Amino acid sequence: MSPARTSRPATPGPRPDPVLRTVSRAAFALIMLFALLLLWRGHNAPGGGFIAGLMMVGALTLHRMATGESAMRVGPLALVPIGAALSFLTGLVPYLLGRPFLKSDFGYITTALTGEFEWASAMLFDIGVFLVVIGAGMAITTALIDVRPTHLAPEDAAPGPQEDR
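What you see is a predicted model; the values in this text were computed from it and never measured.

Definitions and limits used
- Numbers given for residues are sequential positions, taken from 1 along each chain in its written order.
- Given that the model is predicted, a residue must reach a pLDDT of at least 70 before its local features are reported, and side-chain atom pairs must reach 80 or more before they are shown or counted; all residues, however, enter totals for whole chains, interfaces and linings.
- Remark: hydrogens and water are excluded; side-chain values derive from all non-hydrogen atoms of the structure.
- Secondary structure follows DSSP: runs of H or I at least 4 residues long count as helices, runs of E at least 2 residues long count as strands, and numbering of each begins at the N terminus.
- Here the term buried applies to any residue with accessible area under 20% of the maximum for its type, exposed to any over 50%, and partly exposed to those in between, with areas from a 1.4 Å probe on protein chains only.
- One less than the number of residues in a helix, times 1.5 Å, gives the span that helix is expected to have.
- Residues belong to one nonpolar core when they are buried, are Ala, Val, Leu, Ile, Met, Phe, Trp, Tyr or Cys, and are joined through side-chain atoms within 4.5 Å.
- The criterion used for residue contact is that any of the two residues' heavy atoms lie within 4.5 Å.

Student: Hey, could you run me through the environment of Ala120 in this one?
Tutor: Residue position: Ala120 is located in strand E2 (residues 115-120). With relative accessibility at 11%, the residue Ala120 sits in the buried group. When the C-alpha atoms of Ala120 and Phe106 are compared, they prove to be 4.1 Å apart, with 14 residues separating the residues in sequence.

Student: Could you clarify how one ought to interpret helix H3 (residues 79-96) in this entry?
Tutor: For H3, built from 18 residues, the straight-helix expectation of 26 Å at 1.5 Å per residue is met to within 8% by its first-to-last C-alpha distance of 25 Å. Directly after H3, the chain includes Gly98, whose backbone phi takes a positive value near 85 degrees.

Student: I would appreciate a short explanation of the nonpolar core in the present structure.
Tutor: Proteins that are soluble and globular tend to have nonpolar side chains buried together. Judged by nonpolar contacts, the single largest core of 15 residues is most densely connected at Met56, Leu60, Met72, Phe130, Ile134 and Met138. Residues within four places of Ile134 in sequence aside, it is in contact with Gly53, Met56, Val57, Leu60, Met72 and Leu79.

What follows is the structure, encoded as structure tokens:
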């Protein structure tokens, strides 16, 4: 038996446009790569985790619109407390060590694959923000996508007399 998915199943309806499905595959991959690049670069520039999270929400929403299925394997709201805790702990650790809250530390690492690159503890904060933005953004998007009107408003139920203009 396979594990149950926590995300909601796709809503039944018309099949997505084949052109949208085809184009969205490449666009989804490119947007996700760009989001990860923004996240990676973000610890040295302001807003990396936030804007990367927004880009990822855009990619996930495009995938949902094109295929009718969620690309997330967990419920989006599960990411919010994880990301908030990671961001908070990133700030708390320096404070507990007698340094200012959210004080970032950095250094350099050299690997055969990437050469020398800078690491920073601010990256953990950005990853936390990234997870919060994805979780909240996809929860809102999913709630809007899954709206199913069950009845018409009273003024829409029966057509009224035509007004002369």
